[in-house]
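Understanding the architecture of this molecule
Now for the letters of each chain:
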Amino acid sequence: MDDLRHLIDIPHIWTRLEQVEGRLLELSSSESQYTTEISQHLLRAGGKRLRPLLALLAATLGPADDRRAVEAAAAVELIHVGSLYHDDVIDESDTRRGAPSVNANWNNTLAVLAGDFLISRGSEVAATYLDLESVRMLAITYTELVEGQTLEFRLIGRLDHDLTVYRKLIDQKTASLIRTSAYVGARAGDASENVVETLTLWAFELGRVFQIADDALDLVATTDLLGKPAGADIREGTFTLPVLLAARGKEGPRITELLGQPPPYPEEAVEEVIGLVNEGGYVDRALSVALEHAAVAGQALAGLAVGETTRVLERMGGYLIERVEAARQTL
């Protein structure tokens, strides 16, 4: 989180985030200590807290300055973390954020139940403190998350889907909740409709940048940075933008030969695909797509009054891409 702290150089935001951390532990507590332990496992493991930070930043663009910003930030993070519990069950993941996943530490049933618990608590806090449109948007977003996860499951081990399908997937699985984080934060700050609309568009494009950059990072970063081995997506049979682009290039026949059957794949096959994607320049091509989305996000912000918050927002797309470039320097 240190790099985000440097990027978001607004002390008030970090003070508020400390309040959010406290609320996350309060809201994830249960009368059952066992349920509390499982529900707080991933919350206590840390994370970038990108979504609550976006909600807090968005709230500063309105005149209100009350607890609703903190509650909005807590709601989106609870829904995000709850969805990760479900993702790890579906993906059969053993680790998350450098720690054992809940399904690995306990079992799939408890991971699903804890994920449900966190999502329901996020919905409860939203219904208690936020306006009806924010509650509605969070419900719509959870529908999108489920549809995205269903789509991803259908695509496991498949190289034959086009880039339109990939975009739909990242829009549903990632961009939707990032968009909604800004939306509910702005409404919690009583921002004008124009500001809410602008931030919603900006955040949706940022969500696309975030996922494309994350997909690229999976192919160039170390286990220490990712909390999981490089190429984890490929091992799971999830083929992201750089791999899909490579499968349509001159490396396509070899990649199809290596990944043409359902996972799991031999480790040497995964390593060869990573090499083909990197050496063929497909990480760069994916980052070029991310930069296009970052440019659209920047254009959206141009309509807002310049201030310390908008300056931070302008830098965020570039920060995500810089993470990939920095990781690649270690190759």
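Everything below is about the structure printed above this text.
Overview of the structure. (Residues numbered from 1 in each chain as written. Predicted model: local features only at pLDDT ≥ 70, side-chain atom pairs only at ≥ 80, totals over all residues. Heavy atoms only, no water.)

Quick word on the packing of helix H5 (residues 68–91) against helix H9 (residues 163–188)
Interaxial distance between H5 and H9 falls to 8 Å at its minimum, and their mutual angle equals 165°. Relative to H9, H5 is oriented roughly antiparallel. Of the two possible hands of crossing, H5 and H9 adopt the one that is right-handed. On the side of H5, the interface is formed by Arg68, Ala69, Ala72, Val76, His80 and Asp87, while H9 contributes Lys173, Leu177, Ser181, Val184, Gly185, Arg187 and Ala188. Considered class by class, the residues forming the contact of H5 with H9 number six nonpolar, three polar and four charged. (Axes fitted to C-alpha atoms, helices over the stretch in contact; angles between N-to-C directions. Helix = DSSP H or I, 4+ residues; strand = E, 2+ residues; numbered from the N terminus. Parallel < 35°, antiparallel > 145°, perpendicular 65-115°, else oblique. Left-handed = near helix turned anticlockwise from the far one by under 90°. Contact = heavy atoms within 4.5 Å. Nonpolar A, V, L, I, M, F, W, Y, C, P; charged D, E, K, R; others polar.)

A few points about helix H15 (residues 267–279)
Taking 1.5 Å per residue as the helical rise, H15 with its 13 residues ought to reach 18 Å, and the 18 Å between its terminal C-alpha atoms agrees with that figure. Looking at H15, one finds that the buried residues are Ala269, Val270, Val273, Ile274, Gly275, Leu276 and Val277. If you follow the buried residues of H15, they end up packed against helix H10 (193–220), helix H12 (232–235), helix H13 (241–247), helix H14 (252–259) and helix H16 (282–301). Where H15 terminates, the next one or two residues include Gly281, which has phi positive at roughly 80°. (Expected span 1.5 Å × (residues − 1). Buried < 20%, exposed > 50% of the residue type's maximum accessible area, 1.4 Å probe, protein only.)

Remarks on H14
Looking only at H14, the buried set comprises Gly252, Ile255, Leu258 and Leu259. Around the axis of H14, the buried residues are gathered within 130° of arc, so they sit on the same side. Pointing more than 90 degrees away from the buried face of H14 are the exposed residues Pro253 and Glu257. In the core, the buried residues of H14 are packed alongside H12, H13 and H15. (Arc of directions from axis to C-beta.)

Some words on unusual backbone geometry
Following Pro263, the chain continues to Pro264 via a peptide bond in cis, the omega torsion being 10°. As for its placement among the helices and strands, Pro264 is situated in the loop between H14 and H15. Non-glycine residue Arg49 carries a positive phi angle of around 60°. Following the sequence through the fold, Arg49 ends up in the loop between helix H3 (33–44) and helix H4 (50–59). Notably, Asp190 is not glycine yet its phi reads approximately 60°, a positive angle. Mapped onto the elements, Asp190 comes out in the loop between H9 and H10.

Concerning the environment of Val184
The residue Val184 is located in helix H9 in this model. Residue classification places Val184 among the buried positions, given a relative accessible area of 1%. Placed 36 residues apart in sequence, Val184 and Gly148 show a C-alpha to C-alpha distance of 21 Å. What Val184 contacts, discounting residues up to four positions off in sequence, is Ala72, Val76, Leu130, Ser134 and Leu138.

Re the packing of H14 against H15
It is the contact of H14 with H15, at a shortest axis distance of 10 Å, that shows an interaxial angle of 160°. By the angle between their directions, the pair H14 and H15 is classed as roughly antiparallel. In terms of crossing hand, the pair formed by H14 and H15 is left-handed. Contacts between H14 and H15 pair Arg254, Ile255, Leu258 and Leu259 from the former with Ala269, Glu272, Val273 and Leu276 from the latter. Of the residues belonging to the contact of H14 with H15, the class tally is six nonpolar, no polar and two charged.

Structural notes on the packing of aromatic side chains
One pass over the structure, following the stated rule, counts one aromatic pair. Ring geometry for Phe239 and Tyr265: centres 6.3 Å apart, planes at 40°, overall tilted. Linking Phe239 in the loop between H12 and H13 with Tyr265 in the loop between H14 and H15, this pair joins segments that are 26 residues apart in sequence. By relative accessible area, Tyr265 is classed as buried at 8%. The side chain of Arg5 reaches across the aromatic face of Trp14, ending 4.2 Å from its centre. Its end group placed over the ring of Phe210, Arg51 keeps NZ or CZ at 5.5 Å from the ring centre. (Phe/Tyr/Trp six-rings, centres within 6.5 Å; stacked < 30°, edge-to-face > 60°. Lys NZ or Arg CZ within 6 Å of the ring centre and 35° of its normal.)

Here's the deal with the side chain of Arg49
Its relative accessible area of 3% is what places Arg49 among the buried residues. Of note is the side chain of Arg49, whose polar atom sits 2.9 Å from the side chain of Glu21. (Polar contact = N/O pair within 3.5 Å; in protein donor to acceptor, adjacent residues only side chain to side chain.)

Topic: the pattern of salt bridges
Tallied over the entire structure, the rule returns 24 salt bridges. Across the pair Glu26 and Arg23 runs a salt bridge whose closest N-O atoms are separated by 2.7 Å. One end of the pair, Glu26, and the other, Arg23, are both in helix H2 (residues 11–27), three residues apart, so they sit about a helical turn from each other. Here Arg67 makes a salt bridge to Glu71, at a shortest N to O gap of 2.7 Å. Glu71 sits in the buried class, given a relative accessible area of 1%. Through salt bridges that share partners, Arg23, Glu26, Arg67 and Glu71 make up one connected network. (Salt bridge = Lys/Arg side-chain N within 4 Å of Asp/Glu carboxyl O.)

Some remarks on the environment of Lys168
Among the structural elements, Lys168 can be located in helix H9. For Lys168, a relative accessible area of 48% corresponds to the partly exposed category. Separated by 73 residues in sequence, Lys168 and Leu241 place their C-alpha atoms 12 Å apart.

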